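Structural description and commentary
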Amino acid sequence: MTTQRARGPRYVVQGGTVLRGAVRISGAKNAALAQMCASLLTGEDVVLTNVPAISDVDTLGELLTSIGASIERSPNGRLRLNARGVNVFDAPTELITENRASFQIMGPLLTRHGFASSSPPGGDVIGQRPIDVHLGGFQAMGAKVSRQGERFVAEAPGGPGSLHGARVFMDYPSVSGTQNVMMAATLARGHSTIVNAATEPEVQELCHLLNAMGARISGIGSQMLEIEGVPELHGAEIAVMPDRIEAGTFAIAAVMTGGDLELQAAPVAVMDALLAKLRATGATIEACEGGLRVARHGAIHATSFQALPYPGLATDLHAPMAALLTQATGVSIIHERVFDNRMLYVGELRKMGAEIVSTGSSAIVSGPTQLHGAHVRALDVRAGAAVLLAALVAQGQTVIDEVYHLDRGYEHLDDKLRALGVQIERA
Ligand code: EPU
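Once a new chain begins, its residue numbering starts again from 1 and follows that chain's sequence as written. Totals for whole chains, interfaces and linings use all residues, but because this is a predicted model, local features are given only for residues with pLDDT of at least 70 and pairs of side-chain atoms are given and counted only at 80 or more. Based on all heavy atoms of the structure, the side-chain values leave hydrogens and waters out of the count.

Regarding the pattern of salt bridges
What counts, and what does not: What counts as a salt bridge is simple: a side-chain nitrogen of Lys or Arg found within 4 Å of a carboxyl oxygen of Asp or Glu. Only DSSP runs of H or I reaching four residues or more are called helices, and only runs of E reaching two or more are called strands; each is numbered from the N terminus. For every residue, the accessible area obtained with a 1.4 Å probe (protein chains only) is divided by the maximum for its type, and the residue is called buried under 20%, exposed over 50%, and partly exposed between those limits.
One pass over the full model with this rule turns up 16 salt bridges. Close ionic contact of Asp45 with Arg80 constitutes a salt bridge, the shortest N to O distance being 3.0 Å. Here Arg80 lies in strand 5 (residues 78-82) and Asp45 lies in strand 3 (residues 45-49), a separation of 35 residues in the sequence. Look at Asp45 and you get partly exposed, because its relative accessible area is 30%.

This is how it looks when you write it as structure tokens:
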């Protein structure tokens, strides 16, 4: 599969376009994926609208179908999921390893059916990405967790619906860990408290869907989530929130190219950290009706930042921001505080002439540098975004291989860029 993919589509980008116009921000990848998993908590229909057309949604859909769920997808981003027919509780390894979100089927299956087993999930190679927080939460609620070969097996000794509420302390405020444990707690007997919960907007959106399904979750958006277990959940419909990372990527593109973009539907209220940093680089940012307008007229100023859990600057915007800082005057220092291997993009940007060095979890960028077209790879979804951004300002043509990584998280990326004037071909 890897070889086939390595030969798969590539982008050929001609640098030098100033981005102008309007772009509509799509539904959020990480919100949609978690909400798809939540559909396993009920036999009734869960309907999601504004679901992005990205390959991570496709592969998670395949996984859900393979365990017996039914999914109906309309071309306008509407997804109807029904888990009445779920009858497989051992997730197929080849589908689980396609992405990271897939492990979030464990909590719902365990709490509703009393059993779930899975190989470790896949996803970007951006660090060790353990799952101890997920498993520790299940154990606290009474599950027996064991390792059988490479698979993790979680069992509720009392059978379906027999997990009990618990006070769960998360060693790290893991996003998918919080979501997995919270989903398990919705159908547990009694009260659960998740201490040191992740507060990311996508976690909050999952809480809203679960409450619409009849769950009783409070403390939403705080690091202490309170969950009163209920005997069953019912169907619900929710619109997936717009993607703050996609919006951030286009905002960076506007600043980088000295352009002027209207980001329609951008979730401004959850983008403070990025917008503060972009302003520090010299961008002009204003809220406009239903979104955000981002422009840059003068020079780009060097700016240092740390990638942090929410409400800090998202680790998913670390690499795109680093691409921007190659165009800034002066030295910028970046500290990655979430993942231990998020520096894969550094080597690719260097191939394009960037003066950037990484020292473990930090990177130092000196600028401005005139980047030049090169043959590079999208090594993960956000590293891919970084080289694509660099290609926009590079002299000449950049060829980006392995754009299947970008397809995982960005809806119609080349079409959107083309509509803003970029010469980009998918070959
Ligand atoms: N961690 C633990 N123990 C665990 C789980 C995580 O120590 O059991 C640590 C990890 O090692 C890492 C940190 O916690 O250092 C953050 O990991 P987290 O679990 O929060 O990340 P995730 O749930 O695997 C989600 C997003 C990522 C995003 C991170 C952080 C999904 C499907 N993925 O991953 O998105 O970077 O949260 O915000 O929701 C992306 O979209 O490109 C992407 C990688």
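Examining the site of the ligand
What counts, and what does not: Here a residue is near a molecule or strand as soon as one of its heavy atoms is found within 4 Å of it. Pairing of N or O atoms within 3.5 Å defines a polar contact, subject to two protein rules: one partner must be a possible hydrogen donor and the other a possible acceptor, and residues neighboring in sequence count only if both atoms are side-chain atoms. Accessibility throughout is a Shrake-Rupley quantity obtained with a 1.4 Å probe, and a residue counts as covered only by protein chains that appear here.
Near the ligand lie 23 residues; those nearest to it are Ser174, Val175, Ser176, Asp316 and Val338. Interatomic distance of 2.6 Å between a side-chain N/O atom of Ser174 and an oxygen atom of the ligand. One of the side-chain N or O atoms of Arg382 is found 2.8 Å from an oxygen atom in the ligand. Its free accessible area being 820 Å², the ligand has 90% of it covered by the protein chains.

Notes on the domain arrangement of the chain
Selection criterion: Residue ranges labeled as domains rest on an automatic or database domain assignment. Contacts are assigned to residue pairs with any non-hydrogen atoms lying within 4.5 Å of each other. Summed over both partners, the accessible surface that disappears when two parts come together, traced with a 1.4 Å probe, is what is meant by buried area. Gly counts as polar in this scheme, as do all residues outside two lists: the nonpolar Ala, Val, Leu, Ile, Met, Phe, Trp, Tyr, Cys and Pro, and the charged Asp, Glu, Lys and Arg.
With domains assigned, the chain is organised as domain 1 (2-26 + 242-426) and domain 2 (29-239). The distance between the C-alpha centroids of domain 1 and domain 2 comes to 30 Å. With 27 residues of domain 1 at the contact, the number on the domain 2 side is 24 residues. Summed over both partners, the interface of domain 1 with domain 2 buries about 2000 Å², with 44% contributed by carbon and sulfur atoms. Applying the counting rule to domain 1 against domain 2 returns two salt bridges. The salt bridge involving Asp56 is made with Arg408; its shortest N-O contact spans 2.8 Å. Where domain 1 packs against domain 2, one counts eight residue pairs in polar contact (both at pLDDT 80 or more). In terms of residue class, the side of domain 1 that touches domain 2 is made up of ten nonpolar, five polar and twelve charged.

Examining helix 11 (residues 318-325)
Burial analysis of helix 11 places eight of its eight residues in the buried class, the great majority of the element. Every buried residue of helix 11 is listed here: His318, Ala319, Pro320, Met321, Ala322, Ala323, Leu324 and Leu325.

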